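# Chain and residue survey
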Amino acid sequence: MLGPVILAASRSVKMRKLVSAAPVTKPVVNRFIPGETVDQVVPIVEETVGKGLELTLDVVGEDITTPEQAAHARDAYLELIERLKELGHGTKAEMSVKLSMFGQALEGGHELALANVRPVVEAAAAIGTTVTLDAEDHTTLDSMFAIHEELRKDFPQTGCVIQAYLFRTEADARRLAANGSRVRIVKGAYKEPAEVAYQDKREIDKAYVRILRILMEGEGYPMIGSHDPRLIAIGQELARRAGRKLDEYEFQMLYGIRGEEHLRLAAEGHRMRVYTAYGTDWYGYFMRRLAEKPANLLFFVRSMITKN
């Protein structure tokens with residue numbers, strides 16, 4: 001029951017102000033969002049790669065209301081790419097982008113988002129890395145997939161994200177797996193109506209496994225986005241059955257969550273990528289992490305008094 005409530009709070013200006021001003025908030029946020037600037041996140045990149053892990057970096061922020069803000073978001077990613085170029089880690093540090101940040105919801109948003117994201121993808125390719133297009137609510141997905149298809153004409157390594165709780169996703173997975181895409185599968189973190197999405201956790205987990213099997217048996221590169229030990233084990237078994245080598249798929253988890261598991265998977269030879277968000281507009285990202293699994297609320301509170 002808490003999930004929809006937390007998601008509603010993520011859209012509330014009043015709740016944003018209340019949570020942001022609370023003295024207890026910042027220490028918790030810092031545990032999971034390691035910085036607000038490129039300068040603050042660069043040491044995290046170096047530390048993470050030094051541990052044998054990889055990263056996907058997300059400059060957080062989605063409440064874009066003007067073309068100027070969308071251009072600023074584009075420029076924030078271009079600044080990040082310049083810094084990654086200096087580090088020279090190649091695909092060990094890629095980027096994740098939300099097209100809402102690039103103006104997708106504005107008038108003429110599809111064309112605007114494509115125009116803004118293309119130079120980011122071009123710049124990423126020039127330094128030997130790539131970009132993954134994050135999935136947002138279901139009303140944005142046709143546009144996201146169309147932009148993904150357009151970008152892959154010149155940059156086939158461009159990835160995208162699919163969400164297991166949506167009814168449409170099995171069909172999307174078959175299409176993407178057949179054309180060799182890089183695909184991250186997640187459960188889903190937006191409040192979606194029963195007309196388009198599973199509402200029961202057990203049904204979502206079952207859909208996740210069905211979709212992951214499609215990806216593993218396909219021609220693409222699956223990226224398993226989950227902290228669930230059972231789904232991680234299932235992913236390993238599906239990869240084995242599909243005859244995939246360890247470098248033909250990867251695991252992805254959030255920065256600050258299950259750090260020991262990150263290292264365990266990497267030690268076993270798996271590619272383990274840490275989704276690392278940074279920036280000043282952290283509120284929506286933070287609240288969706290709570291909503292994905294309301295038990296995380298207790299986890300975040302406990303994190304203030306322990307580093308386990």
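Residues numbered from 1 in each chain as written. Predicted model: local features only at pLDDT ≥ 70, side-chain atom pairs only at ≥ 80, totals over all residues. Heavy atoms only, no water.

## Some details on helix 8 (residues 169-178)
Definition in use: For each residue, the accessible area found with a 1.4 Å probe, counting protein chains only, is set against the maximum for its type, and the residue is called buried under 20%, exposed over 50%, and partly exposed in between. Numbering of helices and strands runs from the N terminus; a helix is a DSSP stretch of H or I covering at least four residues, while a strand is a stretch of E covering at least two. By construction, the arc corresponds to the directions joining the helix axis to the C-beta atoms. Only heavy atoms matter for contacts: two residues are in contact if any of them lie within 4.5 Å across the pair.
Taken as a whole, helix 8 has its buried residues at Thr169, Glu170, Asp172, Ala173, Leu176 and Ala177. Taken down its axis, helix 8 places every buried residue within 155 degrees of arc, on the same side. On its buried face, helix 8 sits against helix 7 (141-152), strand 4 (159-163), strand 5 (182-186) and helix 9 (201-216). Immediately beyond the C-terminal end of helix 8, within one or two residues, lies Gly180, with a positive phi of roughly 75 degrees.

## Some points on the sheet that holds strand 1 (residues 54-59)
Selection criterion: Should DSSP find at least two bridges between two strands, the strands are taken to pair. Fitted lines through C-alpha atoms serve as axes, helices being fitted only where they are in contact, and the angles separating the N-to-C directions of these axes extend from 0 to 180 degrees.
Strand order in the closed barrel made by the 8 strands is 1-2-3-4-5-6-7-8, with parallel pairing throughout. Sheet twist, expressed as the average angle between the axes of neighbouring strands with direction ignored, equals 30 degrees. Here strand 6 (residues 221-225) pairs with strand 7 (residues 250-254) via 3 bridges, running parallel. By the bridge assignment for strand 7, Met223 is matched with Glu250.

## Observations concerning unusual backbone geometry
Most of the time, phi is negative for any residue but glycine, and the peptide bond is trans. With a phi close to 55 degrees, Arg258 is a non-glycine residue in the positive phi region. Looking at the secondary structure, you find Arg258 in the loop between strand 7 and helix 11 (259-267). Owing to a relative accessible area of 31%, Arg258 belongs among the partly exposed residues under this scheme.

## Side note on the nonpolar core
The following threshold applies: By convention a nonpolar core is built from buried Ala, Val, Leu, Ile, Met, Phe, Trp, Tyr and Cys residues, the set being connected through side-chain atoms within 4.5 Å.
Grouped together as the largest cluster of nonpolar side chains are 72 residues, with contacts concentrated most on Tyr77, Met95, Val117, Leu133 and Ile162. The dominant element in this core, judged by the number of residues it contributes, is helix 9, at 9 residues. Ignoring sequence-local partners within four residues, the contact set of Met95 consists of Thr56, Leu57, Tyr77, Leu80, Ile81, Leu84, Ala124, Thr129, Thr130, Val131 and Thr132.

## A look at the packing of aromatic side chains
Put simply, the test is: By convention, a stacked pair of Phe, Tyr or Trp rings (six-membered ring in the case of Trp) has centres within 6.5 Å and planes under 30 degrees apart, an edge-to-face pair has planes over 60 apart, and any other such pair is tilted. Two limits define a charge over a ring: the Lys NZ or Arg CZ must be within 6 Å of the ring centre, and within 35 degrees of the ring normal.
In this structure the tally under the stated criterion is 3 aromatic pairs. Both rings, one in Tyr249 and one in Phe251, keep their centres 5.9 Å apart while their planes meet at 80 degrees; by these two values the pair is edge-to-face. One cation-aromatic arrangement involves Arg175 over Phe145; the distance from NZ or CZ to the ring centre is 4.9 Å.

## Considering the environment of Gly52
Structurally, Gly52 can be placed in the loop between helix 4 (38-50) and strand 1. Distance from Gly52 to His262, taken between C-alpha atoms, is 9.5 Å for residues 210 residues apart in sequence.

## Some points on the packing of helix 9 against helix 10 (residues 229-241)
This is how it is decided: Small angles under 35 degrees read as roughly parallel and large ones over 145 as roughly antiparallel, with 65 to 115 read as roughly perpendicular and the rest as oblique. Note on convention: the crossing is left-handed when the near helix lies turned anticlockwise from the far helix by less than a right angle, right-handed when the turn is clockwise. Residues are grouped as follows: Ala, Val, Leu, Ile, Met, Phe, Trp, Tyr, Cys and Pro are nonpolar; Asp, Glu, Lys and Arg are charged; all remaining types, including Gly, are polar.
Closest axis-to-axis distance for the helix 9/helix 10 pair is 10 Å, and the angle between their directions is 25 degrees. Here helix 10 runs roughly parallel to helix 9, going by the angle between their axes. Crossing of helix 9 over helix 10 shows right-handed handedness. Note on element contacts: helix 10 touches helix 9 through Arg230, Leu231, Ile234, Gly235, Leu238 and Ala239, opposite Asp205, Tyr208, Val209, Leu212, Arg213 and Met216. Taken together, the residues of the contact of helix 9 with helix 10 break down into 8 nonpolar, 1 polar and 3 charged.

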